[in-house]
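Observations on the three-dimensional arrangement
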Amino acid sequence: RELGEEEINEFFPKIKKSKAHPESENGKGEHKITENTEESGNVLSKFETAAVLSDSAREKTVFVHGKISGQDAVVILEKTPIQKEVLSQIFSESRLKLQMKNDIYSTYQLQAPAHLNEIKTTVVFPATQKHIQKYQRQESFLLEETAEDYFSITLPYIQEQHFSVQWVYNILEKKAESERILFEDTDPKTGFVLLPDFKWNQKQVDDLYLIAISHLRDIKSLRDLTSEHLPLLQNILLKGQDLILSTFGLPRSKLRVYLHYQPSYYHLHVHFTHLGFDALGSGVERAHLIQDVIQNIQINPRFYQTRTLYFPVRADDGLLRKYREAGKM
Ligand code: GTA
């Protein structure tokens, strides 16, 4: 259900406009970091943990399901990379507790000052059952989707079962995250908005993650793309690369620019990630490089309406059930 304004204010007190300020001129371009200056209150003080949906020691993340005032919520906690710029502060301002010492080897528990010890936190509230499923660790299966399967099984399913794209419209209409927008081309056909993905904390470019969201609202996914959309895709690629070079100092040879199939949100968007960063969802079973997409459409304008596409689905995904019912698995 939609939250009323009062409830939103209770749990998410108004966040003041973020302050964008240029950061270190390190010869790599101006690294623009947006930082919110306002304390948002502890929306999690009322969080009652129900279950850990998944966790990863390697990624240093935990996905937790719980309730806030009786309603479902998902909280994602993620330890963030250590920034090189704060190393000297970590060394000089922390408390060090010896754990063991053996010959030339020793290990310590280092307690860094609070401001150097953040945990990036994402809250989905109120969360739907679909969100809870999405973040639960699950076995995956690769689906083979012919063009016919797309129209007879996948399309009807995604028309009836999909995550809301309200957050996308909020960005396009400047109702949310407007201060985070790095670039906008307002052309209704080829225009888009480029901003940090919410998975990126914008503290270091090593794990840069931006998304470009098209102003056109009728493209659900790769399957809808035809030669008519080439100017849009080329515009996103070229202007996105230019902006990232001038703002973050990363040349296009350091970028992985791709679309997901299937996406979670059926409104055309393009992922821009640092090539050196193993972003979740950048594997070959799900990520389609935009340069390949452009070439495929140039060769065959109806490439994505006619080809068989492969993608992973999770064990509890309703789409997998539909494919099984149709005898396709
Ligand atoms: N700026 O409100 C938003 C917002 N939302 C709701 C989603 N995104 C947003 N960005 C902004 N503001 O990259 C971003 C997502 C994603 C893109 C949608 O939009 O971060 P997609 O449609 O192809 O869907 O892309 P995708 O990639 O499956 O979605 P998502 O959420 O990234 O999930 C993939 C996996 O990443 C999850 O199963 C989970 O394991 C992991 N993950 C998701 N969120 C986080 C997180 N906050 N921290 C760590 N891991 C996460």
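Being a predicted model, the structure only gives us computed values, none of them experimental. (Residues numbered from 1 in each chain as written. Predicted model: local features only at pLDDT ≥ 70, side-chain atom pairs only at ≥ 80, totals over all residues. Heavy atoms only, no water.)

Focus on the sheet that holds strand β5 (residues 71-79)
Strands pair in a sheet through their backbones, by hydrogen bonds, and they do so in one of two ways: parallel or antiparallel. The antiparallel open sheet is built from 4 strands, whose spatial order is β3-β4-β5-β8. The outermost strands of the open sheet, each flanked by one partner alone, are β3 (47-56) and β8 (119-124). Sheet twist, expressed as the average angle between the axes of neighbouring strands with direction ignored, equals 20°. Alignment of β3 against strand β4 (residues 61-68), held across 8 bridges, turns out to be antiparallel. Within the sheet, the bridge partner assigned to Ser56 lies in β4 and is Thr61. (Pairing = 2+ DSSP bridges. Helix = DSSP H or I, 4+ residues; strand = E, 2+ residues; numbered from the N terminus. Axes fitted to C-alpha atoms, helices over the stretch in contact; angles between N-to-C directions.)

A closer look at the confidence of the model for the chain
Looking at the chain, the pLDDT average stands at 89 and 88% of residues meet or exceed 70. Ignoring residues within four places in sequence, the model shows residues 1-5, a span with pLDDT below 50, making 8 contacts including any to other chains. Within the model, pLDDT remains below 50 along residues 7-35, and this stretch shows 69 contacts once partners closer than five positions in the same chain are excluded. Both confidence scores are given for the complex: pTM 0.86, ipTM 0.93. (pLDDT = per-residue confidence, 0-100. Contact = heavy atoms within 4.5 Å.)

Structural notes on the UniProt feature "active site" (unreviewed entry) in the chain
As recorded in UniProt, the feature "active site" (unreviewed entry) lies at His269. Here His269 is to be found in strand β14 (residues 269-274). The exposure class of His269 is buried, given its relative accessible area of 13%. For His269, the residues in contact, after removing those within four places along its chain, are Ala212, Ile213, Leu259 and Pro263. A polar side-chain atom of His269 sits 2.7 Å from the main-chain carbonyl oxygen of His267. (UniProt positions renumbered as here; feature names shortened; annotations may be inferred. Buried < 20%, exposed > 50% of the residue type's maximum accessible area, 1.4 Å probe, protein only. Polar contact = N/O pair within 3.5 Å; in protein donor to acceptor, adjacent residues only side chain to side chain.)

A look at the environment of Gln298
Inspection of the secondary structure assignment puts Gln298 in helix α7 (residues 290-299). In sequence terms Gln298 and Leu230 are 68 residues apart; their C-alpha atoms lie 8.0 Å from each other. If near-sequence neighbours (up to four positions away) are discounted, Gln298 is found in contact with Leu230 and Gln234.

Describing unusual backbone geometry
Note the cis peptide between Phe125 and Pro126, where omega equals -5°. Mapped onto the elements of the fold, Pro126 is located in the loop between β8 and α3 (129-134). Cis geometry marks the peptide bond from Tyr261 to Gln262, where omega comes out at -10°. Considering the arrangement of structural elements, one finds Gln262 in the loop between β13 (255-260) and β14. For Ser69, which is not a glycine, the phi torsion comes out positive at approximately 45°. With respect to the helices and strands, Ser69 occurs in the loop between β4 and β5. If you check the backbone angles, Glu177 has positive phi at about 60° while not being a glycine. When you line up the elements, Glu177 lands in the loop between α5 (166-172) and β10 (183-185).

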